[in-house]
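Take a look at the letters that make up each chain.
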Amino acid sequence: MSARETDTPVLVVGPAWVGDMIMAQSLFITLSRTRPGVAIDVIAPPWSLPILERMPEVRRAIPLPVAHGELALRRRWQLGRRLRAEGYAQAIVLPRSAKAALPVFAAGIARRTGYRGEFRYGLLNDIRPLERARLYRTVDRFVNLGLEPDSAPPAPLPEPRLRIAPAAAARTAAALGLNADTAPALALCPGAEYGPAKRWPEEHFARVARDRLAAGWQVWLLGSDRDRAVTHAIAAAAPGAVDLAGRTTLAQAVDLLSLARAVVSNDSGLMHVAAAVAAPVIALYGSSDPNYTPPLSGKARILSLGLDCSPCFRRECPLGHLNCLRQLAPERVITLLDET
């Protein structure tokens with residue numbers, strides 16, 4: 001790539017999931033290191049803006065005015081037309097759908113990079129085959145699109161790191177009636193947007209919560225509105241745990257995770273956030289594969305039973321027993337927490 005192309009901005013069409021957006025930072029870091037001075041703009045769902053604001057490599061987040069799963073071709077086209085004057089040298093499209101590539105085609109960007117999929121010929125003109133054996137992890141696939149074809153990836157791959165302001169994080173905690181300085185805090189993230197086959201049983205979370213509370217820790221339960229039934233049950237079984245599900249914004253959850261002494265989480269978006277704020281993470285895997293979407297942090301430890309029936313990548317256990325998570329004993333998590 002020429003020096004002129006290096007100096008001109010790059011537009012990235014970001015993914016639609018929290019964890020994937022965190023992993024996309026490895027691509028942004030790679031671009032900033034291999035193309036000094038490059039400006040990186042990201043088309044992204046509105047919910048992700050607080051995350052992108054904490055990525056120093058990103059110049060600007062451009063909200064995609066489309067609901068998750070919505071086709072909205074006209075709005076995607078109109079967004080691209082508004083971006084025609086930005087002078088982007090390249091667009092990198094992380095999702096593999098045709099609709100995700102439409103804005104960069106409408107923007108008239110000369111080089112439009114992405115993986116082959118869903119009849120995107122024409123919408124993209126730098127189409128790469130997805131070599132699944134070589135690029136098994138999601139993060140490897142993202143970073144590869146920022147490299148020239150056949151280029152070796154950086155070794156090691158850069159880990160996502162969200163920018164945290166400690167004073168602002170302390171204010172976030174205080175606004176929620178919390179103070180991480182009074183006792184170590186354990187953050188539990190018992191939800192998983194994908195489905196119940198990724199959720200460690202609530203009674204196991206409650207067992208861990210009671211153990212830490214007895215040891216003098218604070219326990220914070222984090223999640224969205226959709227996780228409130230689960231967090232409510234855990235809080236009821238572990239009196240003293242603070243149920244924050246549905247009470248925090250994503251930005252506030254990022255701050256709280258940065259303050260935690262340890263985080264126990266299913267394979268979820270909050271797990272990847274916790275890894276990206278350098279919190280010690282214990283990541284629990286059932287139906288998903290820790291080799292495919294691992295937490296990208298040296299402080300993360302993974303627990304997975306590796307049963308013959310897993311990973312199945314199903315939303316619900318097809319065998320009806322969920323042994324991959326039910327048989328993952330809470331005592332194993334407690335042992336790791338004792339070492340934290």
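Placed above this text is the structure.
On a predicted model such as this, the values are computed, not experimentally measured, just so you know.

Enquirer: How should the side chain of Asp126 be read in this particular structure?
Expert: Positionally, Asp126 belongs in strand E6 (residues 126–128). Given a relative accessible area of 12%, Asp126 falls into the buried group. Here Arg128 takes part through its side chain, which lies 3.1 Å from a polar atom of the side chain of Asp126. In this structure Asp126 touches Gln90, Arg111, Arg112, Thr113 and Gly114, once residues within four positions along its chain are discounted.

Enquirer: I tried to follow the pattern of salt bridges on my own but got confused; where do I start?
Expert: Here the idea is simple: oppositely charged side chains can pair when their charged atoms come close. Summed over all chains, the structure comprises 18 salt bridges. Of the charged contacts, one joins Arg59 and Asp41 as a salt bridge, the two residues approaching to 2.7 Å between their closest N and O atoms. With a gap of 18 residues between them, Arg59 in strand E3 (residues 58–63) and Asp41 in strand E2 (residues 40–44) connect regions that are remote in the sequence. Given the relative accessible area of 0%, Asp41 is considered buried. Of the charged contacts, one joins Arg54 and Asp255 as a salt bridge, the two residues approaching to 3.1 Å between their closest N and O atoms. Taken as a pair, Arg54 in the loop between helix H3 (49–52) and E3 and Asp255 in helix H10 (residues 250–259) lie far apart in primary sequence, 201 residues in all. The exposure class assigned to Asp255 is buried, which follows from its relative accessible area of 5%. By sharing partners, the salt bridges in this structure join Asp41, Arg59, Arg60 and Glu86 into a single network.

Enquirer: What is the right way to look at the nonpolar core in this model?
Expert: Side chains that are nonpolar tend, in soluble globular proteins, to be buried together. In this structure, Val12, Phe28, Leu162, Leu257 and Val263 are the most contacted members of the largest nonpolar core, which totals 56 residues. Beyond its immediate sequence surroundings of up to four residues, Val12 is in contact with Leu27, Phe28, Leu31, Ile40, Asp41, Val42, Ile43, Ile92 and Leu94. Of all hydrophobic cores here, the second largest spans 28 residues; its members include Ala209, Ile234, Ile282 and Val333.

Enquirer: Looking at this structure, how should I read the packing of aromatic side chains?
Expert: Think of a pair of aromatic rings as described by two things: how far the centres are apart, and how the planes are tilted against each other in angle. Counted according to the given criterion, the structure contains four aromatic pairs. Taken together, a centroid distance of 6.2 Å and an interplanar angle of 50° make the contact between Trp77 and Phe105 tilted. Here Phe105 lies in helix H5 (residues 98–106) and Trp77 lies in helix H4 (residues 73–82), a separation of 28 residues in the sequence. Residue classification places Trp77 among the partly exposed residues on the basis of a relative accessible area of 34%. Given the relative accessible area of 34%, Phe105 is considered partly exposed. An angle of 80° between the planes, with centres 5.0 Å apart, marks the rings of Trp200 and Phe205 as edge-to-face. Of the two residues, Trp200 and Phe205, neither departs from the other in class, the shared state being buried. Among the aromatic side chains, those forming a connected cluster through ring pairs are Tyr136, Tyr292 and Phe313.

Enquirer: Is there a simple way to explain empty space enclosed by the protein in this structure?
Expert: To find leftover empty space, one rolls a probe the size of a water molecule over the atoms. All chains considered together, the criterion is met by one cavity of 30 Å³ or more. Its volume calculated, the largest cavity comes out at about 30 Å³. For the largest cavity, the full set of lining residues is Ile22, Met23, Pro160, His272, Ala275, Ala276 and Leu296. Elements represented by at least two residues in the lining of the largest cavity include exactly helix H2 (18–34) and helix H11 (269–276). Sorting elements by how many residues they give to the lining of the largest cavity places H11 first, with three residues. In terms of residue class, the lining of the largest cavity is built from six nonpolar, one polar and no charged.

Enquirer: What is the right way to look at the packing of H4 against H5 in this model?
Expert: For any two helices packed against each other, the geometry is given by the interaxial angle and the distance between the axes. It is the contact of H4 with H5, at a shortest axis distance of 6 Å, that shows an interaxial angle of 35°. Pair H4 / H5 crosses with right-handed handedness. Contacts from Leu73, Arg76, Trp77, Gly80 and Arg81 of H4 reach H5 at Lys99, Ala100, Leu102, Pro103, Phe105 and Ala106. Per-class residue counts for the contact of H4 with H5 are seven nonpolar, one polar and three charged.

Basis of the calculations
- Residue indices follow the written sequence of each chain, beginning from 1 at its first position.
- Selection of residues for local features in this predicted model requires a pLDDT of at least 70, selection of side-chain atom pairs for listing and counting requires 80 or more, and totals for whole chains, interfaces and linings are taken over all residues.
- Side-chain calculation: all heavy atoms of the structure are included, whereas hydrogens and water are not.
- Here a helix means four or more residues in a row that DSSP labels H or I, a strand means two or more in a row labelled E, and each is numbered from the N terminus.
- With a 1.4 Å probe rolled over the protein chains alone, any residue whose accessible area is under 20% of its type maximum counts as buried; one over 50% counts as exposed, and the rest are partly exposed.
- Throughout this description, a polar contact denotes any pair of N or O atoms lying within 3.5 Å of each other; where both atoms belong to protein, one of them has to be capable of donating a hydrogen while the other can accept it, and for residues adjacent in sequence the pair is counted only when both atoms sit in side chains.
- For this analysis, residues touch if any pair of their heavy atoms sits within 4.5 Å.
- When a carboxyl oxygen of Asp or Glu lies within 4 Å of a side-chain nitrogen of Lys or Arg, that pair is called a salt bridge.
- Among the buried residues, those of types Ala, Val, Leu, Ile, Met, Phe, Trp, Tyr and Cys that are joined through side-chain atoms within 4.5 Å form a nonpolar core.
- Two aromatic rings from Phe, Tyr or Trp, using only the six-membered ring of Trp, form a pair when their centres are within 6.5 Å; if the ring planes differ by under 30 degrees the pair is stacked, by over 60 it is edge-to-face, and anything between is tilted.
- The definitions used throughout rest on a 1 Å grid laid over the protein atoms alone, on which a cavity is an enclosed set of points accommodating a 1.4 Å probe that cannot get out and a pocket is an open set flanked by protein within 12 Å on both sides along at least five of seven lines; lining residues are those having an atom within 4 Å of a point.
- Grid points are joined across faces, edges and corners, and a volume is the space filled by probe spheres set on the points.
- In this classification, the charged set is Asp, Glu, Lys and Arg, the nonpolar set is Ala, Val, Leu, Ile, Met, Phe, Trp, Tyr, Cys and Pro, and all remaining amino acids, among them Gly, are polar.
- Only the stretch in contact is used when fitting a helix axis, every axis being a line fitted to C-alpha atoms; angles between N-to-C directions are given from 0 to 180 degrees.
- Helix crossings are classified by the rotation of the near helix relative to the far one: an anticlockwise turn of less than a right angle makes the crossing left-handed, while a clockwise turn makes it right-handed.

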